[in-house]
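# Structure assessment
These are the residues of each chain, in order.
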Amino acid sequence: MNRYPLWKYLMIAVVLLIGVIYSVPNFFPSEPAVQLSPKVEQAIDPATMQRFEQALQAQGLTIRASENNGQQALFRFEDTDVQLKASEALKAAVGDQFVVALNLAPSTPSWLRALNANPMFLGLDLRGGVHFLMEVDMKAALDKQINRYEDEFRDFLREQDIKYLGIAREGDTVLAKFRDAASRDAAMAAFGKEYQNSLQFTALPDTNDLQASISQTAMLDIQKFALQQNITTLRKRVNELGVAEPVIQQQGANRIVVQLPGVQDTARAKEILGATATLEFRLVDEQNDPTQAQQSGRAPIGSQLYKERSGDPILLKRQVMLTGDFIIDASSGFDENSRPAVHITLDGKGATRFNKVTGENVQKLMGVVFIENKIETQEVDGQMVKTSKTTQEVINVARIQEQLGKRFQITGLDSPKEARDLALLLRAGALAAPVYIVEERTVGPSMGKENIEKGFNSNIWGFAAVVLFMVIYYRVFGVISSLALAINGFFLFALLSMIQATLTLPGLAGIALTLGMAIDANVLINERIREELRAGASPQAAINVGYERAWGTIIDSNLTTLIAGIALFLLGSGPVKGFAVVLCLGILTSMFSAVTVSRAIVNLVYGYKPRLQKLAI
Amino acid sequence: MIEFFSLKKVIPFMRYGKTTTAISLGTFLFSVFSLFFYGLNLGVDFTGGTVMEVRYAQAAPIDTIREAIKATGYHEVAVQNFGSTQDVLIRLPLKEGVSSAQVSEQIMGVLKTSTPDVTLSKVDFVGGQVGQELYENGGLALILVAAGIIIYLAFRFEWRFAVSATVANMHDVVIILGLFAFFQWQFDLTVLAGILAILGYSVNESVVVFDRIRENIRTMRDETISNIIDSAITSTMSRTIITHLSTQIMVFAMLWFGGEALHNFALALTIGIMFGIYSSVLVASPLLLMLGLKREHMIPKEDEKMEGMNADGSIV
């Protein structure tokens, strides 16, 4: 009656083995290491690895182990002292091409890693670091697109040879004015063909005006693009910060999560992540007097009034020769007169375009506009309103000496640091729309260490106390329940490690709570067995009936808790979600371990004793 | 064998139904009252704002810190010790015009000028809008959990069971919230997670009793529903106490060893566990009676017509 067939024992043994294998990596300490990843996506070949190793050996540093998975190289060291020296040596050796980051690599033995048994990631609250939640300013993204249409329309109508009176932005629409209905209709037909998916055109009654508004689907596309572009850009920027294992993820429709483990210099991180800066190259309007324009407050048609760094006004042509979008690389350095400069490389399309316009305008003045976006919060009518403030500044004016091509440089920067920052931002690409930080959580490294100790301690003490109690109260069956509980702990750890969950403090609390609750199933079973014994059943029958009767109750009570867990997971964010994952998985593992595993042990202990007189329960 | 509850006699819980309902109603009203008058002491997760934890090498000069921060233009600043004299908690409200993400650097800069050996252990900054969303999602989660449980129980048992369990459950949640309001304990995301876990845990309790009631209805054919419920509660009493005890042991470990971060979470769980026992036994079950549970609700008529059926409903 209380015997499992062999296959069941074997199955449990296999599952148990898997549970142990996949949970043990969590118990190995981590080692100080230095991680190298290329800034441009490229594989690390053995020759490069050799170069790294030579750089380290030149400094007399011993490498404990090295790994190269193609995308990343990792060197492990004896202690943090060597690790820091190695990081410096590597930084000096590899220069600008690689991100050198300090890392704590798990010391899981290689045969375990070969089985893909890796430890869980530790959340920021357990190891220190910064967490940012950033919101993308979608209105700004839309604004930018509308402005772009405004410019495009002019070019387009000119190309199509349709005469127009003017094109202006009006709210979220672009208004094109025409002399007569005939040219308006011609424009409408041409526009309709060109922009059929993205724009809706309406002829305004009683006038010859045409209104263009962005369609709903196009709007969603713009937002999706802005978010994607920003994620890509943020990823590149984070790369520049030299962080091992950063997390950059979308959250919801317009938010991005950025987690930087181990980062302490939050000020620098924020500066790099949050700024949106781009360049525009425009021709200087040399016909008109900027001082006069500044006094009257009105720029001549086709020009725009800017300020130079010195504060002097300057007039630039409205038309943009080139925007920062075409820049593929930028590095800082010095020009021939040892002034700080940024060396810029353009992509093919940008180079062709720039080549053409600079060729047409040799000997004319060109201004470089540095555009920076910042977010400011203001209170309007009792509500917090965020406005993005754009500062535009002409950082450099130079006469175009010759036709410029793919590579050129800009000067006129205040300091080498500014040149570096600008180069970094340009290299990382511009954000499609400004982002602002709506949530920031920083945990210091010592705090993280403390949290993990406390979390583990409470688990261990709680577990020990429960085991003690169970053994005293239920004797042999208490031992069996405790074994099942411990196995449950292993299963839970193994599952969490397999899905590569991030272990956080609430997650640790979840583990403690689940273990506490998991014993419920065993208590239900043990009590049932006692009841059956009291009612006069034979020991073997009591075990059998006890397990069977308790099963329905266990299912019902656990499934209701599971419902709560799933709701928590669906709606929760951050700590609540982490907690929910543990809760849900814990319920599943505890149902298995409390029923199947404990039954298997009971069967092994009692099932093969035909003349069983008494149960130790 | 050791037994805490070797109950030979069935305790007539249902006879006290009116009394326990009155007690429940009393605590419930007290909680609603507390919530209404004191309100929850919402943490930065929900209200938005900045909370910083800094550590000093020596005992922290609280007054100096307070003055220094006030001088930067923040009002309603809370500066207090927690854990030890070296650890200081600084709470700052959202401030208009300042990109709130820069607050922490500004404050750290100020603190460092007077005492250079101060280190930042933790910063939590949450924007107002994010807080509001979390708050709404929390409420939504509560409703969704309740709905899920009602549907599951209505499907597995009967609607009276579902309603009773949910009322008992909500009773627990409101009492936890009420106590948090009354004592002005900080209510943050982790506490919310604790409360939602209790929601699952407490219904777990009710289900165990319900399960036994359902079983007893099938086996104890000549008893009144009231007696059946009493017997179900009595026979599961031992298990109830032991399960709660073991869960509470874990929670106590969290309360004692888990540090500041888990303190309120463990507190919410403790209250939830206490009231979970009470409500499953003395709220959910009397409600079943009040809702008019009858034997017919649990045993389909067709079954009774079957021939050769044993007392326990089985056909051999």
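Treat the numbers as computed from the prediction; the structure is a model and nothing was measured.

We now examine the packing of helix α2 (residues 46-58) of chain A against helix α3 (residues 80-94) of chain A. A packed helix pair is summarised by two numbers, namely the angle formed by the two axes and the spacing between the axes. All names here are of chain A. Look at α2 against α3: their axes get within 9 Å of each other, and the N-to-C directions meet at 125°. Classed by the angle they form, the pair α2 and α3 counts as oblique. Of the two elements, α2 crosses α3, and the hand of that crossing is right-handed. In this structure, α2 uses Arg51, Phe52, Ala55 and Leu56 to contact α3, whose residues at the interface are Ala86, Ala89, Leu90, Ala93 and Val94. The residue makeup of the contact of α2 with α3, split by class, is 8 nonpolar, no polar and 1 charged.

On to the UniProt feature "domain: Protein export membrane protein SecD/SecF C-terminal" (unreviewed entry) in chain B. With numbering aligned to this structure, UniProt lists the feature "domain: Protein export membrane protein SecD/SecF C-terminal" (unreviewed entry) at residues 111-292 of chain B. The distance from the first to the last C-alpha atom of residues 111-292 of chain B is 66 Å, and the span holds 84% helix and 5% strand.

Here the focus is the pairing of strand β9 (residues 199-203) of chain A. Residues and elements named next belong to chain A. Here 5 bridges tie β9 to strand β10 (residues 210-214), and the two strands are oriented antiparallel to one another. Looking at the pairing, Phe201 lines up with Ala212 of β10. The loop that links β9 with its antiparallel partner β10 comprises 6 residues; one of these, Asp206, has a positive phi angle of about 65°.

With that out of the way, let us pick up the UniProt feature "transmembrane region" (unreviewed entry) in chain B. All names here are of chain B. In the UniProt entry, the feature "transmembrane region" (unreviewed entry) is given for residues 21-40, 138-155, 162-183, 189-210, 241-259 and 265-291. Annotated as residues 138-155, this span is 100% helix and 0% strand, and its ends, taken at the C-alpha atoms, are 26 Å apart. For residues 265-291, the helix share is 96%, the strand share is 0%, and the end-to-end C-alpha distance is 34 Å.

A few words on the nonpolar core. Ranked by internal contacts, the top residues of the largest apolar core, which has 136 residues, are Phe477 of chain A together with Leu153, Ile195, Ile213 and Met254 of chain B. The dominant element in this core, judged by the number of residues it contributes, is helix α7 (residues 189-219) of chain B, at 17 residues. The residues contacting Ile195 of chain B, other than those within four sequence positions of it, are Leu142, Val173, Ile176, Leu177, Phe187 and Ala268 of chain B. Ranked by size, the runner-up nonpolar core spans 47 residues in total, among them Ala212, Ile214, Ile231 and Leu273 of chain A.

Moving on, we come to the pattern of salt bridges. Residue and element names in this part refer to chain A. Taken as a whole and assessed by the stated rule, the structure comprises 36 salt bridges over all chains. The salt bridge involving Glu67 is made with Arg76; its shortest N-O contact spans 2.8 Å. Here Glu67 falls in the partly exposed class, since its relative accessible area comes to 28%. Residue classification places Arg76 among the buried residues on the basis of a relative accessible area of 5%. Each of Glu31, Arg64, Glu67, Arg76, Glu78 and Arg113 takes part in a single network of salt bridges with overlapping partners.

Scoring rules and cut-offs
- Residues numbered from 1 in each chain as written.
- Chains lettered and ligands numbered in written order.
- Predicted model: local features only at pLDDT ≥ 70, side-chain atom pairs only at ≥ 80, totals over all residues.
- Heavy atoms only, no water.
- Axes fitted to C-alpha atoms, helices over the stretch in contact; angles between N-to-C directions.
- Helix = DSSP H or I, 4+ residues; strand = E, 2+ residues; numbered from the N terminus.
- Parallel < 35°, antiparallel > 145°, perpendicular 65-115°, else oblique.
- Left-handed = near helix turned anticlockwise from the far one by under 90°.
- Contact = heavy atoms within 4.5 Å.
- Nonpolar A, V, L, I, M, F, W, Y, C, P; charged D, E, K, R; others polar.
- UniProt positions renumbered as here; feature names shortened; annotations may be inferred.
- Pairing = 2+ DSSP bridges.
- Core = buried A, V, L, I, M, F, W, Y, C linked by side-chain atoms within 4.5 Å.
- Buried < 20%, exposed > 50% of the residue type's maximum accessible area, 1.4 Å probe, protein only.
- Salt bridge = Lys/Arg side-chain N within 4 Å of Asp/Glu carboxyl O.

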